Amino acid sequence: MSRENVNDMTDAFDVRLAALRNGDTPEAEMQAAIYIYERLRTAQSIVKALAPTNSNNTELLISVFQELCSEAQSQSFTAEVAD
């Protein structure tokens, strides 16, 4: 089983992000895009690990993505309350 270094992968999002950085895009918007992209890639990895024969299941991917977003929001809220 090969292991990929996520920092070594270049894809269309990297090209788009470079274009955003060269434009007038607000930093907050770029950071939001990165967070969403990373959550989606994580969701894809989770689905692939849990259901390798059914890793193209869109419903499962959406469900895992939503759970990741909910968990991130919960963690963020918990951190804010602790401060």
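(A) The arrangement of the overall build of the chain in detail. The number of helices and strands found in the chain is three helices and zero strands. Start at the N end of the chain and walk to the C end: the helices and strands fall as α-α-α. Residues classed as buried in the chain amount to 14% of the 83 residues present. In the chain, the proportion of contacts linking residues at least 24 apart, taken out of those at least 6 apart, comes to 36%.

(B) The arrangement of helix H2 (residues 27-50) in detail. In this model, H2 (24 residues) spans 34 Å end to end at C-alpha, consistent with the 34 Å of a helix rising 1.5 Å per residue. Every buried residue of H2 is accounted for by Met30, Ile34, Tyr37, Ala43 and Val47.

(C) Expanded view of the nonpolar core. With six residues, the main nonpolar core is built from Phe13, Leu17, Leu20, Met30, Ile34 and Tyr37. Those elements giving two or more residues to this core turn out to be helix H1 (12-22) and H2.

(D) Representation of H1 in the model. Inspection of H1 places Phe13, Leu17 and Leu20 among the buried residues, and these make up the whole buried set. One side of H1 carries all its buried residues, which in axial view fall inside an arc of 55 degrees. Exposed residues lying more than 90 degrees from the buried face of H1 are Ala12, Val15 and Asn22.

(E) Fine view of the environment of Tyr35. For Tyr35, the position within the fold is in helix H2. Looking at Tyr35, the relative accessible area reads 47%, which means it is partly exposed. The spacing of Tyr35 and Ala72 is 37 residues in sequence and 9.9 Å in space, taken between C-alpha atoms.

(F) Just the packing of H1 against H2, in detail. Contact geometry for H1 and H2: axes closest at 11 Å, N-to-C directions at 170 degrees. Judged on the interaxial angle alone, H2 and H1 are roughly antiparallel. For the pair H1 and H2, the contacting residues are Phe13, Leu17, Leu20 and Arg21 in the first and Met30, Ala33, Ile34 and Tyr37 in the second. A per-class count over the contact of H1 with H2 returns seven nonpolar, no polar and one charged.

(G) The side chain of Thr25, seen in detail. Inspection of the secondary structure puts Thr25 in the loop between H1 and H2. At 3.5 Å, the side chain of Thr25 forms a polar contact with the backbone oxygen of Leu20. Residues in contact with Thr25, not counting those within four places in the same chain, are Leu20 and Met30.

Definitions and limits used
Residues numbered from 1 in each chain as written. Predicted model: local features only at pLDDT ≥ 70, side-chain atom pairs only at ≥ 80, totals over all residues. Heavy atoms only, no water. Helix = DSSP H or I, 4+ residues; strand = E, 2+ residues; numbered from the N terminus. Buried < 20%, exposed > 50% of the residue type's maximum accessible area, 1.4 Å probe, protein only. Contact = heavy atoms within 4.5 Å. Expected span 1.5 Å × (residues − 1). Core = buried A, V, L, I, M, F, W, Y, C linked by side-chain atoms within 4.5 Å. Arc of directions from axis to C-beta. Axes fitted to C-alpha atoms, helices over the stretch in contact; angles between N-to-C directions. Parallel < 35°, antiparallel > 145°, perpendicular 65-115°, else oblique. Nonpolar A, V, L, I, M, F, W, Y, C, P; charged D, E, K, R; others polar. Polar contact = N/O pair within 3.5 Å; in protein donor to acceptor, adjacent residues only side chain to side chain.

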